[in-house]
Every structure is written in structure tokens, then in C-alpha cells.
Amino acid sequence: MQYEVLFVSKTGNTEEVAKAVYRGIPSRQKDIQRLERNTPVDIGETYFIGFWTNRGSCSIEVLDYIAELHGKNIALFGTCGMGCEAEYYKIIEKQVKALIPDDNVYLGAFLCQGKMPMHVRNKYEELLKSGQNDDLALHMIHNFDKALLHPNQEDLLEAERFAASIVEKLEVCQCQNFGK
């Protein structure tokens, strides 16, 4: 089975996670590449598609690409600067999963926090200086500072384990359906 790891990375976080996903795929029939406008849609059977979170969903490049996939196995992975809460990750997963055409097999998602550019923190500091929404501004600054440590080694190991578990499940399914 051919495995494809495709990703869009704005700050390098998702690229780090993509490399971990790639390492987690035990097959020799695998490839990793940055998702571009001209990336063909029929290059593999199983796709691990990575994205940076953009307002609770994925980037437009990923949206467009996913819409073109048919009859494939698809797993998602991504990074999110705005939080490291399981509930928030589920919302993001649900938003992106809903865009996958129904004739594909959805395999699951892995999301972790990722550091954000410094201009984002500056924006939060300006909000704090304005005296409006002090609690929100302090929360956002705290979250920003926490995100500076991600993706960390544990996040990357979790991404590797996620990819390995997806491949294992697919291989078990293939064996169970063999000869039917």
C-alpha cells in the first residue's frame, strides 16, 4: 500500500509533525511532500494530510485538496496555536473531517499545539494595554507562552504512534478481508 504524507506548514510546526508522522509509517512505500497547488490527487491509497489551524479549520490549500480525493483512506494531523484542549481539537477535527467526500474512508486525526509568530503575542499585548478584555488578553498571552514549547518531543512521539496505529489498523483490515 502506498502512503502519502502531505502537509501545509506556515511556521514550521506542521512540517515537524509531518516528519514524525512519516517516521511512524513502517512501510517502505511512503512519501512525504509539501502540499502544493499542483500536487496530484491519485498518488497513493492512504493519505496523511497535515495542516495548520486557521480559525478553527484548515488552510484553503488543504480544503481544496481534500475535496478532490475519492476512494482513498484519509488521516488528518495538524497544529494549533490557540490551545491544547482535547475539546477544541475535536471541534477542529469535526470541521475538517466534514469536508472529506463520503466515498473516502476517514481514519482519524492527531492534533497538537504549535508555537505562533511573535506578532501574535504583540497583538495580545496591545489588547491588554487597551484595557479592554483584560482577562481574555491575559489568557491569550498565557496560551501564547505555553505554545512556545510545542510541538515538543512528546507531541512528535505521539504523532509517530498515531501514524503507526493507523497503518496497523489498515493492515489488520486487509488481512481480514483477504480472500473474501
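Scope of this entry: the structure provided in the associated data block.

### Digging into the side chain of T46
Line of reasoning, step 1. Its place among the elements puts T46 in strand β3 (residues 46–52).
Line of reasoning, step 2. Judged by relative accessible area, T46 falls into the buried class, the value being 0%.
Line of reasoning, step 3. At a separation of 3.1 Å, a polar atom in the side chain of T46 contacts the side chain of N73.
Line of reasoning, step 4. If sequence neighbours within four positions are ignored, T46 has contacts with M1, Q2, Y3, E4, N73, L107 and L170.

### A closer look at unusual backbone geometry
Line of reasoning, step 1. Cis peptide bonds are those with omega within 30 degrees of zero, and the linkage from H150 to P151 qualifies with -5°.
Line of reasoning, step 2. Along the chain, P151 turns up in the loop between α5 (134–147) and α6 (153–177).

### Observations regarding the packing of helix α4 (residues 118–130) against α5
Line of reasoning, step 1. Remark: α4 packs on α5, axes separated minimally by 8 Å, with the N-to-C direction vectors making an angle of 160°. It follows that α4 is roughly antiparallel to α5 by the angle criterion. Crossing of α4 over α5 shows left-handed handedness. Residue-level contacts link M118, V120, R121, Y124, E125, L127 and L128 of α4 to D134, A137, L138, M140, I141, F144 and D145 of α5.
Line of reasoning, step 2. Its residues assigned to classes, the contact of α4 with α5 shows ten nonpolar, no polar and four charged.

Reading the values: the criteria
- Residues numbered from 1 in each chain as written.
- Predicted model: local features only at pLDDT ≥ 70, side-chain atom pairs only at ≥ 80, totals over all residues.
- Heavy atoms only, no water.
- Helix = DSSP H or I, 4+ residues; strand = E, 2+ residues; numbered from the N terminus.
- Buried < 20%, exposed > 50% of the residue type's maximum accessible area, 1.4 Å probe, protein only.
- Polar contact = N/O pair within 3.5 Å; in protein donor to acceptor, adjacent residues only side chain to side chain.
- Contact = heavy atoms within 4.5 Å.
- Axes fitted to C-alpha atoms, helices over the stretch in contact; angles between N-to-C directions.
- Parallel < 35°, antiparallel > 145°, perpendicular 65-115°, else oblique.
- Left-handed = near helix turned anticlockwise from the far one by under 90°.
- Nonpolar A, V, L, I, M, F, W, Y, C, P; charged D, E, K, R; others polar.

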